[in-house]
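Chains, contacts and geometry: an overview
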Amino acid sequence: MATWDQQEQGGKKTEYLGNHTYTTESGHAVEFDNTPGDCRIHVYHKSGTFIEIKDDGAMITTSKGERQDFNDNGKQEIVTGEFGLTVNGPINIYCTGNVIQHVDGNYELNIGGDMKIKIGGNDLREVIGDQRTQVNGKTAHRSSGNRDEITGGNKTETNNGEYFQSTATESTVISGGNYAVLAGSDFQAIATAGMGLGAGGDMGIVSGGNTTVKANAGTLNVEASSTTTIKGSTIQMNP
């Protein structure tokens, strides 16, 4: 966390003859110090609240109680150098209009606890460069409406554990080029109703082991508009 220290209060080499003060009965004080090289103005309240302007123009303001600023018109604050803000308690910001932030350099946000964002309208983001997200825990995404995902280049998806995909209605996969599904172990395609396999060109089914085509409750039809070839070292027909 970025913090900063308050400058030291008071003069370092105040000369008695160059220092003019006025002190009230309750303890309020106004000080005009004209010491060469250490000129300053100091307004002090008996509670400990004070305003001090130092020789180099630096101004220190300390409030021992609550501080409130009211502006009936606009307010502009310009800082030429570094700006630091440290708050040892909660911060509440309420804006009835728009909020615009413009950062010419890098923007870094560190949150020690949870983060919650609620957007009443649309969420629009544009990233000119790359984007990367690292989540060390679980990730959940829920969309009550449609979800569109468009990738202009290649897409790689790697899953080191189990993968489960469920759809309540129809599911369609369209590939403009080649499409391959590779399983390092068993692969099953199961339909609770009908299933169709079609190809606009040649279709090949190759197995490194046994291959079984079975119809449990009906007829198995093998049909070709031209030649049908069944080849094997042993062909067995069982009734």
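Residues numbered from 1 in each chain as written. Predicted model: local features only at pLDDT ≥ 70, side-chain atom pairs only at ≥ 80, totals over all residues. Heavy atoms only, no water.

Helix and strand content of the protein chain: 0 helices and 5 strands. Start at the N end of the protein chain and walk to the C end: the helices and strands fall as β-β-β-β-β. If you line up the protein chain on its principal axes, its C-alpha atoms span 125 × 35 × 25 Å. A total of 239 residues make up the protein chain; the buried ones form 6% of that total. Per element, the accessible surface of the protein chain, about 24900 Å² overall, is 47% carbon and sulfur. Each charge sign in the protein chain was given a centre, from 18 positive and 29 negative side chains, and these centres are 7 Å apart. (Helix = DSSP H or I, 4+ residues; strand = E, 2+ residues; numbered from the N terminus. Buried < 20%, exposed > 50% of the residue type's maximum accessible area, 1.4 Å probe, protein only. Areas by Shrake-Rupley, 256 points an atom, 1.4 Å probe, with all protein chains shown as cover. Lys, Arg positive; Asp, Glu negative; His and termini not counted. Charge placed at Lys NZ, Arg CZ, Asp CG, Glu CD.)

This brings us to the pairing of strand β3 (residues 40-44). Two elements, strand β2 (residues 29-33) and β3, share 5 bridges in a ladder whose sense is antiparallel. Note on β3: the bridge partner recorded for Glu 31 is His 42. Hairpin geometry of β2 and β3 is characterised by an intervening segment of 6 residues between the two adjacent antiparallel strands and by a positive phi of about 85° at Gly 37. Alignment of β3 against strand β4 (residues 50-53), held across 4 bridges, turns out to be antiparallel. Counterpart to Val 43 in the pairing with β4 is Ile 51. Where β3 hands over to β4, the hairpin turn is made up of 5 residues, of which Gly 48 adopts a positive phi near 110°. (Pairing = 2+ DSSP bridges.)

Side chains Phe 50 and Glu 52 project from β4 onto a buried face, and the interleaved Ile 51 and Ile 53 project onto a face without burial. Relative to strand β5 (residues 59-62), β4 runs antiparallel, the two being bridged by 4 bridges. If you follow Glu 52 over to β5, its bridge partner there is Ile 60. Where β4 folds back onto β5 in an antiparallel hairpin, the turn is made up of 5 residues, including Gly 57, whose phi is positive at roughly 95°.

A few words on the environment of Gly 48. Along the chain, the position of Gly 48 falls in the loop between β3 and β4. Between the C-alpha atoms of Gly 48 and Thr 169, which are 121 residues apart in sequence, the distance is 71 Å. Beyond its immediate chain neighbours, meaning those up to four positions away, Gly 48 contacts Thr 62 and Lys 64. (Contact = heavy atoms within 4.5 Å.)

This part takes up a nonpolar patch on the surface. Together, Val 103, Tyr 107, Leu 109, Ile 111, Met 115, Ile 117 and Ile 119 make up an exposed nonpolar region whose accessible area comes to about 710 Å². Structurally, Met 115 can be placed in the segment after β5. (Patch = residues over 30% accessible without salt bridge, like charges linked within 9 Å, V, L, I, M, F, W, Y side chains within 5 Å. Salt bridge = Lys/Arg side-chain N within 4 Å of Asp/Glu carboxyl O.)

A separate point is the sheet that holds strand β1 (residues 19-23). Strand-to-strand pairing in sheets goes through backbone hydrogen bonds, with the strands running parallel or antiparallel. Taken in spatial order, the 5 strands line up as β1-β2-β3-β4-β5 in an open sheet, and their pairing is antiparallel. Of all strands in the sheet, those bounded by a partner on one side alone are β1 and β5. On average, each strand axis in the sheet is inclined to that of its neighbour by 5°, with strand direction left out of account. (Axes fitted to C-alpha atoms, helices over the stretch in contact; angles between N-to-C directions.)

Quick look at the pattern of salt bridges now. What the rule picks out here adds up to 6 salt bridges. Between Arg 40 and Glu 31 there is a salt bridge, and its shortest N-O distance comes to 2.8 Å. According to the relative accessible area criterion, Arg 40 is buried, its value standing at 8%. Its relative accessible area of 14% is what places Glu 31 among the buried residues. A salt bridge links Asp 33 to Arg 40; its shortest N-O distance comes to 3.4 Å. As far as burial versus exposure is concerned, Asp 33 and Arg 40 are alike and both buried.

Here we come to the side chain of Asp 33. In this fold, Asp 33 is placed in strand β2. Taking the relative accessible area as the measure of exposure, Asp 33 reaches 2% and is therefore buried.

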